[in-house]
2 protein chains.
Amino acid sequence: MKKYAVGVDLGGTSVKMGFFTTEGELLEKWEIPTRTENGGTKILPDIADAVRAKLDEKNLTLKDIEGVGLDLPGVVLPNGTVNKCVNLGWEVMRADDVLTELLDGTNVAVINDANSAALGEMWKGAGIGKKSLVMVTLGTGVGGGVIVDGKIIPGSHGSGGEIGHMPVVEPEDEPEACGCGKHGCLEQYTSGNGIARLARRRLAQNNDPSSLRAIGDFTAHDVYNAAKAGDEVALQITDKFAKILGKALACIASVNDPEAFVIGGGVSKNGSIVTDGIIKYYKEYAFHALKNTDIVLAELGNDSGMYGAVKQLIG
Amino acid sequence: MKKYAVGVDLGGTSVKMGFFTTEGELLEKWEIPTRTENGGTKILPDIADAVRAKLDEKNLTLKDIEGVGLDLPGVVLPNGTVNKCVNLGWEVMRADDVLTELLDGTNVAVINDANSAALGEMWKGAGIGKKSLVMVTLGTGVGGGVIVDGKIIPGSHGSGGEIGHMPVVEPEDEPEACGCGKHGCLEQYTSGNGIARLARRRLAQNNDPSSLRAIGDFTAHDVYNAAKAGDEVALQITDKFAKILGKALACIASVNDPEAFVIGGGVSKNGSIVTDGIIKYYKEYAFHALKNTDIVLAELGNDSGMYGAVKQLIG
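Throughout this description, residue numbers start from 1 for each chain and increase along the sequence as written. Chain A is the first chain written and ligand 1 is the first ligand written, with later ones labelled in order. Under the rules for a predicted model, residues below a pLDDT of 70 receive no local features and side-chain atom pairs below 80 are neither given nor counted, while totals for whole chains, interfaces and linings still include all residues.

Caption draft 1: How the structure looks around the relation of the copies chain A and chain B. Laying chain A over chain B is done by rotating through 180° and shifting 0.0 Å along the axis; what remains is an RMSD of 0.0 Å. Taken together, the rotation and translation relating the two chain copies correspond to the operation of a two-fold axis. To line up the copies, we fit them by least squares on C-alpha atoms, keeping just the residues with pLDDT of at least 70 in both.

Right, dumping it as structure tokens:
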């Protein structure tokens, strides 16, 4: 094992890059823009250039790194193939082989971003010391990463941890469609967008007073701030969020019985009010042997993906 | 690896025993009663005696078998401890150590019965050639066994695959309690007892004609027979069963994305009418990448546990 590795968290607008020791210490991080034009053909060359430039700056070469771990917002099949990545403009491709080629044979490991976040939190965040956990990323959508016996479950169609699309509400009870085309997916109620949507729908039902009415285009963060200040409507929404997610986690626990659930993503930044609500409902819905499973906030924030990508690389 | 192994499926009323090759060929099977009196203290000595008697009969000795695989109807913790087994009268105990002692140091592996059935079906039944599957056992209750990468997920509290207690109906909508104390568990609607219960409840709602009314204490099997004959009430019940289970499997698929679901237990003996219904609703509820997951009937019937116990033993 060499001393250094690079972790890359490839998103639709920016690429977060981290220079790590292979022990998992993040020495330095930086960002470059994600150029999605022309089918995203610039993205991997840009990453390769950024890796080389950083090494030059440190008077190191490609021979000094164990390799590059790369996470991305798309399905990665068990064999490593990226099965389309709409946000990046990519069709089906072998991102690992392309980046290896661009970096003169350097090892590259590719992993889905939600899975990478889970691995990162297990390695250096809220899941340290655990061998099994489920990470729930509550961002614009809802992602999941499932770890059993220290390893990510990629799934036979690359959809392991695709918990954002668990059916939680009957289709006939949900007029709006999820991004996936179904009606009633977990992400429609528990993502940042979902929470704001629920609040807007609730406010339209009647004229109950709420501080949210004064904010034009409010977000989930505004809803939580209002709830913390005692706003009755906001409290109803955060309670509904917690009930739906607590029940979903009770379902997930009945499948894999993980040691912990780690709650990350933008919504989790509202703090313990989020986990307190989830825990309350989780305990109501969970099988008795599962009631004490840890439900904790993520600790690595936006860096979790980079950590996980490095962990995926070094195994 | 020695040539033979013994598989033992320990149930609350009888012990099914199988003499196997370590290649997984079942050469002979027999049964002994389960003596649950006196805290179940006779059970393991009875099994040990039965193993010795069978070996004597075949002019073999304990040295000729790789060991004994034992499945039982209770929680087996990841370290092998049996965490109570109400049906057997057992408190917390090390069944493996006790049986090893009774059999002069013979290897013993202990596994939960639902997990064992899953492993058996993967090894020699409906899941041959697959590395990941979820077995759903629809019997008196509902059990589950989850296999990823060829291995059972026992769960951090020994409750991996405890899918019978997934919350599928809101507690306030279910007046009767599940055996576990909760209200609205999967097993209340999709076990043999659950199906019959749903039908009885439905018949009490009004006077719709149904052939089931002529049968005093009808079973799930009677409900399926009536459905096959076109009985409208029975068809409503089997449809409700399929909808609840299809949705639950769509939830499970979003967690682990298995290659297949294997449907076993007494209810599955009603044949393809069972899986056809589940598949219909599974496709409605599942995330698009997961819609084509196989949903198939189990093939080993009551022998699956013995097969799985042997597989657990030999690894």
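Caption draft 2: Examining the environment of Arg94 of chain B more closely. A run of DSSP states H or I qualifies as a helix once it reaches four residues; a run of E qualifies as a strand once it reaches two. Both are numbered from the N-terminal end. Checked against the element boundaries, Arg94 of chain B lands in the loop between strand E4 (65-72) and helix H3 (95-102). We call two residues in contact if the C-beta atoms placed from their backbones are at most 7 Å apart. Setting aside anything within four residues of it in sequence, one finds Arg94 of chain B in contact with Gly80 and Thr81 of chain B.

Caption draft 3: Structural detail: the sheet that holds strand E5 (residues 108-112) of chain A. Residues and elements named next belong to chain A. Whether two strands pair depends on DSSP finding at least two bridges between them. Pairing is mixed in the open sheet, where 5 strands are placed in the order E3-E2-E1-E4-E5. The sheet terminates laterally at strand E3 (26-33) and E5, the two strands that pair on one side only. Neighbour-to-neighbour, the strand axes of this sheet turn through a mean angle of 20°, independent of strand direction. As paired strands, strand E1 (residues 4-10) and strand E2 (residues 14-21) are joined by 7 bridges and run antiparallel to one another. Paired with Asp9 across the two strands is Lys16, which belongs to E2. Between N-to-C directions, angles span 0 to 180 degrees; the directions come from axes that are lines fitted to C-alpha atoms, helices contributing only their stretch in contact. Here helix H3 (residues 95-102) sits on the sheet and contacts strand E4 (65-72) and E5; the angle it forms with E5, its principal contact strand, is near 145°.

Caption draft 4: Molecular detail of the pairing of E4 of chain B. Residues and elements named next belong to chain B. Counting other C-beta atoms within 10 Å of each residue's C-beta, where C-beta atoms are placed from the backbone, gives the exposure class: buried for 20 or more, exposed for 12 or fewer, partly exposed between. For E4, a buried count of 8 out of 8 residues is recorded, marking the element as mostly surrounded by other parts of the structure. Taken together, the 5 bridges between strand E1 (residues 4-10) and E4 define a ladder with parallel strand orientation. Across the sheet, Asp9 pairs through a bridge with Asp71, a residue of E4. Relative to strand E5 (residues 108-112), E4 runs parallel, the two sharing 5 bridges. Across the sheet, Gly69 pairs through a bridge with Ala109, a residue of E5. Read as a crossover between parallel neighbours, the route from E4 over H3 to E5 is right-handed. By the criterion used throughout, a crossover qualifies as right-handed when its path from the first strand across the helix to the second strand runs clockwise, the strands pointing away from the viewer.

Caption draft 5: The arrangement of helix H7 (residues 220-228) of chain A in detail. Residue and element names in this part refer to chain A. Turning to H7, its buried residues are Ala220, Val223, Tyr224, Ala226 and Ala227. One side of H7 carries all its buried residues, which in axial view fall inside an arc of 160°. Those residues of H7 hidden inside the fold are in contact with helix H6 (192-205), helix H8 (232-256) and helix H9 (272-285). Backbone geometry just downstream of H7 places Gly230 in the positive-phi region, at approximately 90°. Directions drawn from the helix axis to the C-beta atoms are what define this arc.

Caption draft 6: Broad picture of the interface of chain A and chain B. Across the boundary between the two partners, chain A contributes 33 residues, which contact 32 residues of chain B. Contributing elements (two or more residues each) for the side of chain A that touches chain B: strand E7 (142-148) and H8 of chain A. The element best represented in the side of chain A that touches chain B is H8 of chain A, accounting for 7 residues. In terms of residue class, the side of chain A that touches chain B is made up of 17 nonpolar, 12 polar and 4 charged. Each residue is assigned to one class: nonpolar for Ala, Val, Leu, Ile, Met, Phe, Trp, Tyr, Cys and Pro, charged for Asp, Glu, Lys and Arg, and polar for all the others, Gly among them.

Caption draft 7: Inspection of the sheet that holds strand E7 (residues 142-148) of chain B at higher detail. Residues and elements named next belong to chain B. With mixed pairing, the 5 strands of this open sheet are ordered in space as E8-E7-E6-E9-E10. Whereas interior strands pair on both sides, the edge strands pair on one side only; in this sheet they are strand E8 (151-152) and strand E10 (294-297). As judged from the 5 bridges shared by strand E6 (residues 133-138) and strand E9 (residues 260-264), these two strands associate in the parallel manner. When the sheet's bridge partners are listed, Val136 is paired in E9 with Ile263.

Caption draft 8: Region of the structure containing the domain arrangement of chain A. All names here are of chain A. According to the domain assignment, chain A contains domain 1 (4-119 + 303-314) and domain 2 (128-299). Note that the domain bounds reflect an automated or database-derived domain assignment. Relative placement of domain 1 and domain 2: their C-alpha centres are 28 Å apart. Taken together, the contact pairs 12 residues of domain 1 with 14 residues of domain 2. Take the side of domain 1 that touches domain 2: its biggest share by element is 6 residues, from helix H4 (residues 113-124). Among the residues forming the side of domain 1 that touches domain 2, the class breakdown is 8 nonpolar, 3 polar and 1 charged.

Caption draft 9: Broad picture of unusual backbone geometry. Residues and elements named next belong to chain A. One non-glycine residue, Asn38, lies in the positive phi region at around 55°. Residue placement: Asn38 occurs in helix H1 (residues 37-40). In this structure Asn38 comes out as exposed when scored by C-beta crowding, with 9 C-beta atoms within 10 Å. We note that Asp104 has phi near 50°; this positive angle belongs to a residue other than glycine. Positionally, Asp104 belongs in the loop between H3 and E5. When the 11 C-beta atoms within 10 Å are taken as the criterion, Asp104 is described as exposed.

Caption draft 10: Here's a closer look at the nonpolar core. Counting 202 residues, the largest nonpolar core has Leu70 and Val223 of chain A together with Leu70 and Val223 of chain B as the members making the most contacts within it. Among all residues touching Leu70 of chain B, those that are not within four sequence positions of it are Val8, Leu10, Ala95, Leu99, Val108, Ala109, Val110 and Ala309 of chain B. To form a nonpolar core, buried Ala, Val, Leu, Ile, Met, Phe, Trp, Tyr and Cys residues must be joined through C-beta atoms within 7 Å.

Caption draft 11: Geometry of the pairing of E9 of chain B. All names here are of chain B. The buried count for E9 comes to 5 of 5 residues, which makes it a mostly enclosed element. Along E9, one buried face is formed by Ala260, Val262 and Gly264 and the opposite face, lined by Phe261 and Ile263, is buried too. Bridge count between E9 and E10: 4 bridges; the pairing is parallel. The residue of E10 that forms the bridge with Ile263 is Leu297. Once you follow E9 into helix H9 (residues 272-285) and on to E10, the crossover reads as right-handed.

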